[in-house]
Each structure stands twice: as C-alpha cells, then as structure tokens.
Amino acid sequence: MRTLLALLVAAAVQAAGEVRVFILAGQSNMEGQAVVDLKGKDYNEGKGTLVDVLAKDAGARFRDILRTKEGAWRTRDDVFVRYDRERGPTIKGPLGIGFSVYGGHHFGPELMCGHVLGDAFEDPVLLIKCAWGGKSLIKDFRPPSAGGEAGPYYQKMVAQVRDALRTMGEDFPALRGRTPRLSGLVWYQGWNDGIDPKKAVPEYASNLAHLIRDVRKEFQTPDLPVVVGELTGPWRDAPPEWERLRAAQRQVATSSEFGESTAFAPTRDFVRPADQSPNPGHGHHEFGNAETYLLIGESLGGQMARIASPLKIFSPAEMQVVQRRPDGKARLDVRGRMKGLDDAGATLEWRPTGTGLDAVRWAALRIEAKGEDFFSTIEFPAGGWYGLEIRATAGGRTLATGRVERFGAGDIFFVAGQSNSANHGEERMKARSTLVVNFDGQTWRPCADPQPGASGNGGSFIPALGDLLAERLKVPVAFVTVGIGATSVREWLPAGKTFTHPPTSEARVERLPSGEWASKGAAYATLVRRMGALGPNGFREVLWHQGESDANQRDKTRTLPGSLYAEHLRLLIDSSRQEIGWSAPWRVAQVSYHTPDDAGSEDIRAAQASLWGKDGVRRGPDSDALRGDLRERGGKGVHFSGPGQRALAKAWADLIAPEGGR
C-alpha cells in the first residue's frame, strides 16, 4: 500500500498539470464599474480613478502590483480571465486592466481578486466572470431547487462555465495540456433584490443557500468553496431593508450547514465619498471609485484563498490584535488544520511579512500536531500590522499554503458601563487610523459606530479615542465593548448578589422572598465571558464609564448612596478578576451628570474617586465636567454630542497615554 506521503507527493505532481478555476458571478458591480483613467466634468475631473488613487498614499501598496516603473499597466502570466459579455465580444487574456463591460477604461473586483489568488496558489488561475447588470437572485439567477422557474441567468452562468472549461486550451494557449479544476465560486450581488424589500429580501437567504447547493451539484463539487461578498452600495450603514439583505448574506456564508467551505467578505468599510469619486451620481456602483473596487477584490480573493486551501489558519485571525507585554513583545498562538498532516511527513514552514520585519525567508515552524490540527507559538514585536504565511512541503514541492494578511501586537481595551460607554452619542464615528479595530467576540473589524456588543445604535467616543491612542502609542488598538444603556452598577453584579433597594430599571434584577433584591447576573456574565475569551493578561485595562443611573434618581429610594456604589463596584471588579483568573486593571471615570439642572452627584463622584490608586484601579476622566454644547440636544441631554464624544475621547487618552508617553 502506498503511504499517504507518497500519495500527497503524487497528487502534488499531478497538480502541476492543473489550473485553478474560479467563477466570479453577480450583477453590475461584478461586471466592473471602477474607472481607470477618464477625466473631465463627466468623471469629476478624475477624482477617485485608478490613476488618481495610485498617485496618493492610499494606493501606494497597490502601485507596484498594478504598474511598471515606466507607468504601463501590468499583466500576469499565471492568472487569466474570461468574460463573455452580454453585449460585445468575449474578453479573454492575462489578468490586467479592462475586463469590464465597458472595456479598457474600467475594471472590477477581478483585478485584485486575481492578484490575491495568483499569489496564493502555485498552479495557474483562471477567472470566469459571469456578470450581468441589473439582475436579481429571486428571478434572474434563481436556482432550480428554490422552486418555480429557474432563472435564465443562472442557466447562462452554468453554460458559460461549461464552455470556458471546454475551450480553456483554445482560449489560453499557455494553459494548453493542463486540466481545469473548479476551485471556487465568488458571489457578489444583491442590489436588485434590495429594491424589493417585501419579497426578494425575505427570500434572499433561502435563495442564496439553494444557489450554493445547486452549483455544487451541477459541477459535482460537493465542497466547492464559496465566498459571499457583502452588498456594498453608497453607504457604510444602509437603510433597514438593505441591512436585512446584508444580514442574510452573512447568515448563509457563516451557517453551520456550509461550515468552513463558505466565507463572508465584508465590504461596507470600503465605500469612499461621492465627491472624491469619478461617478458621484452612481451610488449603486460605489461611485465608480477605484480604491473601493481594489479593496473589494482583495477582500473577496483573500477569503477565497483562505477557504480554498487545504491548509487552514484559525489563529491569528484577520486584523486580530494580541495584547503586548511590558517589554513591547507579544506571544501569538498559531493554530491551524491540514488534511493528512498527521501521516504526511510534511514540513510546515512560516514567514512573517509586513513593515518592520526583516526576515522574509521560510523557516521551520516548531509545531505540535494532533491529527489534522497543528499548534505553535511565535513571538513578535508590537508596532504596525504584520502578515503571516504558512506552507506545507514534502518531496521538494509545496502541498498547501495559508496566509493571514493583517495581525498585530498592541493594546486591547474593554469598554463597559452604561449609555455613554455604548452607542448613545449624537454622532456616529469611524476611526481614521487603519490600526484601530473592534472585536465582537468572533470577528475583528475596522472600528466604527455603532460599536458591536454594546447597546444603542448611535455614536460613541471610541473611534476618536482609538485614533488618539494609535497616534500616540504607534501600535494597533482594539476595543471590546459591552456597555448597556441605563444600567445601574447593581445590574452589573454577579448573579445572586443582593441589595436592599432596586435600581430604576428592574429588567436585570429580581425581588427575593425576603424582600431584598438580587442581580440576575446577565450583564456580569457577558462581561466575564468576553474578558475570559482573551485569556490571562489578554487586554490592557477596563474602561468603566457608568454612574448616571445610580445618582440623583427621581425616586429617591432608588438612588444609591456613594458608600454602597463603591462597595458594589469593588465587588464587581474583584469578582470579575477571580472569574477570569488574573488581576485585570480597571480605570474608573467620574460619571453622574444628567442635565444642566442636575449636573452631578458629589456623593457618587467621591465614591468613584475613592477607588483610584487602590489594587489596580486607575483614575478615569471627569466626564461630568463636559457640559454645554458637548452634550446632545444643544446641551440639554445626558448623552454626548459629536464634539463631546471627541472631548471625552481626549480626556480618556490623556490619562491612558499622555502625549509622548506609553
């Protein structure tokens, strides 16, 4: 019997004669609406075109990929594209500019998607674009198993893929003699379903799941990797019906039915302003902005490269931040899985990529393996984003590769308390720095309001704080948010902890037969669960911003005396530390302001200050001092206005990382 190693080596030799084939399907945004080099008043004087983007800092990292030193557009000799347009001749050739419905002055997601996939696989790559503008999933792409009449563009997609596979050697002489292997479907569509919120949006998740099943059945590829690109559009946070469609896309791509064979590619953060784009009136085409389409293609390709490889990397995750130690370094757990790893005799190697790392050669990764799973640790310094590549080799050939584009060592902050620690500010904000991220317990993402995991749907001080900290600390900064509006410190206590008088809101407390009240413990359980997930010393500190719901309540029997406030908060801090197994630092703000007529409680403020400097509790800002137009509704409200959110961010930053210090 041949050993598994021999089989893998033989498979690798056979794979040298293969072509990795990917279907890129969707509607007009997959057709390609990004403008390359057109100018004049019809194209906003060239703002946001590819030429414009590459000339600026935002496009610097794409410059060498897309252009030669002489300024010509690059093509690749290992990635090919076929696009059978509905009107006009079929376009086919090596990857470069112009695989668009309009031809050479436009491009679509295929450009960077192809570059990412070409870098990820040793075999040549063929992209088959099946994209037609103005087409819906509920009708035009309707899959057969969804019931009713199969969509004509579903049938057209299948026919085009079959034709492309059959004629690959004729269309691309460089691929002649190789065997095409269907390796993935990238789905980037949704606009025409979003404009039908009564029927198409409610059916979208079901129809998309049917599409995935039917394509796999059609081509006899039961585990065909599928990436679902988030509907982009002209906004980061869309109107409700469009958000429901986005949620349906995420739901299917992350469902337990499809498991690790599907992935969701977020794109909402890639939208750029209309006035800085070549097509300001085309919001449904992301204003034709070239940077938007480069980032979308990169995201789609990155997700496909990840799930299409037999080597999976689970840790680090994309944009993950690891808490740095006082010496400025961090230890990272590297975890992954590869089929047959336990018997293959393969060598796993790794190399870091990114600014600040000189080592670019492959080095053996010291691993522990259990079945198909492998584990290791690496140490690296804080500062900027890094990349990580891992490959498995045997018999002198690469069997599989995996990569993570961005992870880093920096500082992680928990933000807890009530509404002003959550999403109840007047202005939604977004971090300007790419070093600032949120973590919702599963996904790391660019930091933007509303903060994931916290109540409310408005703004917060957190993106502005992240920008200040990233600028001063020069490292990635991450936030985990668990704030809940209108909560008393009593509602944050562990389950069963008692007190004599309830807070104003009784939703998270219960009355006992004795007449006392007790916390139900839900807020506390969320807090310690989220803390514990990051492990010992896994974050820098907790930022506690709470107190309004304990101070000066209209029903005075529900006002908490300062002495009890300090006692309860001390109990919360001590209990959470015991639960997570290490003494996490806390930073406590002075918080008790309601309105200009009720500007604070000296009793609560003194209680909060009494904890400072004792057993790892640090001083927080005096947020009660931020009044007037720094509060919502022209200074009449309890929540912060946009200027107030920025002022609060600076007050936190000045204590956490004073100018010029750590």
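Now for a quick tour of the structure. On a predicted model such as this, the values are computed, not experimentally measured, just so you know.

Our focus in this paragraph is the overall build of the protein chain. Along the protein chain, the regular secondary structure elements total 18 helices and 27 strands. On C-alpha atoms alone, the protein chain measures out to a radius of gyration of 27 Å, which is about the 26 Å that the 2.2 N^0.38 rule sets for 662 residues. Reported as C-alpha extents along the three principal axes, the dimensions of the protein chain are approximately 85 × 60 × 55 Å. Within the protein chain, buried positions represent 57% of all 662 residues.

In this section: the sheet that holds strand 1 (residues 18-26). One open sheet accounts for seven strands, arranged 4-3-6-1-7-8-9; its pairing is mixed. The outermost strands of the open sheet, each flanked by one partner alone, are strand 4 (91-94) and strand 9 (262-265). Across the sheet, the axes of successive neighbouring strands diverge by a mean angle of 20 degrees, strand direction being ignored. Bridging between strand 8 (residues 226-229) and strand 9 involves four bridges; their strand directions are parallel. From the neighbouring strand, valine 227 faces strand 9, where its bridge partner is alanine 263. Contacts between helix 6 (residues 152-166) and the sheet are confined to strand 1, strand 3 (79-83), strand 6 (125-131) and strand 7 (179-188), with strand 6 contributing the most and set at about 155 degrees to the helix. The sheet strands contacting helix 10 (residues 240-253) are strand 8 and strand 9, and the helix crosses strand 9 at an angle near 150 degrees.

With 14 residues, helix 10 ought to run about 20 Å at 1.5 Å a step, and its terminal C-alpha atoms sit 20 Å apart, in line with that. Three or more residues of helix 10 are buried, namely Trp242, Leu245, Arg246, Ala248, Gln249, Val252 and Ala253. Seen along its axis, helix 10 keeps its buried residues to an arc of 155 degrees; they face one direction. The elements touched by buried residues of helix 10 are helix 8 (191-194), helix 9 (200-218), strand 8 and strand 9.

To continue, consider the packing of aromatic side chains. By the definition in use, this model includes 18 aromatic pairs. Between the aromatic rings of tryptophan 492 and tryptophan 544, the centroid separation amounts to 5.6 Å while the plane-to-plane angle is 85 degrees, which identifies the pairing as edge-to-face. Taken together, the residues span a long stretch of sequence, with tryptophan 492 in the loop between strand 21 (477-481) and strand 22 (498-499) and tryptophan 544 in strand 25 (residues 541-545) at a distance of 52 residues. With respect to burial, tryptophan 492 and tryptophan 544 carry one shared label: buried. Three or more aromatic residues link up through ring pairs in this structure, and these residues are Trp132, Phe141, Tyr153 and Trp187. If you follow arginine 67 out to its NZ or CZ, it ends over the ring of tryptophan 73, 3.9 Å from the centre. Across the ring face of tyrosine 83, the terminal group of lysine 129 is positioned such that the distance to the ring centre comes to 4.6 Å.

Moving on, we get to the pattern of salt bridges. Under the definition given, this model contains 51 salt bridges. The residue arginine 325 makes a salt bridge to glutamate 379 at a minimum N-O spacing of 3.1 Å. Residue arginine 325 is found in the loop between strand 11 (320-323) and strand 12 (329-338), and its partner glutamate 379 is found in strand 16 (residues 373-381); the two are separated by 54 residues along the sequence. For glutamate 541, the salt bridge is made with arginine 587, and the minimal N-O distance between the two is 2.9 Å. With glutamate 541 in strand 25 and arginine 587 in strand 26 (residues 586-590), this pair connects stretches of sequence that are 46 residues apart. Neither glutamate 541 nor arginine 587 differs from the other in exposure class; each is buried. Taken together, the shared-partner salt bridges connect Glu230, Arg236, Asp237, Glu243, Arg246, Arg268, Asp269 and Arg428 into one network.

About the thresholds
Residues numbered from 1 in each chain as written. Predicted model: local features only at pLDDT ≥ 70, side-chain atom pairs only at ≥ 80, totals over all residues. Heavy atoms only, no water. Helix = DSSP H or I, 4+ residues; strand = E, 2+ residues; numbered from the N terminus. Rg over C-alpha atoms; globule rule 2.2 N^0.38 Å. Buried < 20%, exposed > 50% of the residue type's maximum accessible area, 1.4 Å probe, protein only. Pairing = 2+ DSSP bridges. Axes fitted to C-alpha atoms, helices over the stretch in contact; angles between N-to-C directions. Contact = heavy atoms within 4.5 Å. Expected span 1.5 Å × (residues − 1). Arc of directions from axis to C-beta. Phe/Tyr/Trp six-rings, centres within 6.5 Å; stacked < 30°, edge-to-face > 60°. Lys NZ or Arg CZ within 6 Å of the ring centre and 35° of its normal. Salt bridge = Lys/Arg side-chain N within 4 Å of Asp/Glu carboxyl O.

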